[in-house]
Amino acid sequence: MSSNAKELYRRIQSNPEQTQALFRQALQDPQGAINAICQLGDELGLSVTPSEVKEYLASMDDGDTKQWVVKARGGL
């Protein structure tokens, strides 16, 4: 699993507005949310693939992330 995915997730989590925007996008367009996460990673120098994002989110053991994954399941 990419260590970039872990760091990218940490950065996204530290920005509530960004977290909410990605959550809303995931509800409407799950694959688009994955692509947006990957694009953000590229911009921050933390490149990740869609597979790495999905794998990392699936490995998370916190309730909020699990809820996000369930709601965005179509693209994850």
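Residues numbered from 1 in each chain as written. Predicted model: local features only at pLDDT ≥ 70, side-chain atom pairs only at ≥ 80, totals over all residues. Heavy atoms only, no water.

*Asks:* Would you mind going over the overall build of the protein chain in detail, with residue names and values included?
*Replies:* For the protein chain, the helix and strand inventory stands at five helices and zero strands. Listed by position from the N terminus, the elements making up the protein chain come as α-α-α-α-α. Of all 76 residues assigned to the protein chain, the portion counted as buried reaches 33%. If you take every contact in the protein chain between residues at least 6 apart in sequence, the share linking residues at least 24 apart comes to 56%. Only carbon and sulfur atoms are counted for the fraction: they give 48% of the accessible area of the protein chain, which is about 4,700 Å². (Helix = DSSP H or I, 4+ residues; strand = E, 2+ residues; numbered from the N terminus. Buried < 20%, exposed > 50% of the residue type's maximum accessible area, 1.4 Å probe, protein only. Contact = heavy atoms within 4.5 Å. Areas by Shrake-Rupley, 256 points an atom, 1.4 Å probe, with all protein chains shown as cover.)

*Asks:* Pulling in residues and values, what's your account of the nonpolar core?
*Replies:* Counting 15 residues, the largest nonpolar core has Leu-8, Ile-12, Ile-37, Val-48 and Val-53 as its most contacted members. Looking at this core, the elements with two or more residues in it are helix 1 (3-13), helix 3 (30-43) and helix 4 (50-59). (Core = buried A, V, L, I, M, F, W, Y, C linked by side-chain atoms within 4.5 Å.)

*Asks:* So what about helix 4? Which residues, and what values?
*Replies:* Buried within helix 4 are the following residues: Val-53, Tyr-56 and Leu-57. With its buried residues spanning 95° around the axis, helix 4 presents them on a single face. Facing away from the buried surface of helix 4 by more than 90 degrees, the exposed residues are Ser-51 and Ala-58. (Arc of directions from axis to C-beta.)

*Asks:* Outline the packing of helix 2 (residues 16-28) against helix 3, listing residues and values.
*Replies:* Relative orientation of the contacting elements helix 2 and helix 3 amounts to 145°, with a least axis distance of 5 Å. From helix 2, Gln-18, Leu-22, Gln-25, Ala-26 and Gln-28 reach across to helix 3, where they touch Pro-30, Gly-32, Ala-33, Ala-36, Ile-37 and Leu-40. Split by residue class, the contact of helix 2 with helix 3 holds seven nonpolar, four polar and no charged. (Axes fitted to C-alpha atoms, helices over the stretch in contact; angles between N-to-C directions. Nonpolar A, V, L, I, M, F, W, Y, C, P; charged D, E, K, R; others polar.)

*Asks:* Would you mind going over the pattern of salt bridges in detail, with residue names and values included?
*Replies:* Counting across every chain of the model gives two salt bridges. Its salt-bridge partner being Glu-7, residue Arg-10 comes within 2.6 Å of it at the nearest N-O pair. One end of the pair is Arg-10 and the other is Glu-7, both in helix 1 and three residues apart, which spans about a single turn. The partner of Arg-11 in a salt bridge is Glu-7, and the shortest N-O contact between them spans 3.0 Å. Here the residue Arg-11 and the residue Glu-7 both occupy positions in helix 1, the gap between them amounting to four residues, near one helical turn. Taken together, the salt bridges that share partners define one network made up of Glu-7, Arg-10 and Arg-11. (Salt bridge = Lys/Arg side-chain N within 4 Å of Asp/Glu carboxyl O.)

*Asks:* Any chance you could break down the packing of helix 3 against helix 4 for me, citing the residues and the numbers?
*Replies:* Taken N-terminus to C-terminus, the directions of helix 3 and helix 4 make an angle of 105°; their axes are 9 Å apart at the nearest point. If you check the angle between helix 3 and helix 4, you find them roughly perpendicular. Counted together, Gln-31, Ile-34, Ile-37 and Cys-38 of helix 3 and Pro-50, Val-53 and Lys-54 of helix 4 form the full contact between these two elements. Here the contact of helix 3 with helix 4 is composed, by residue class, of five nonpolar, one polar and one charged. (Parallel < 35°, antiparallel > 145°, perpendicular 65-115°, else oblique.)

Any functional reading would require information that these geometric values do not contain.
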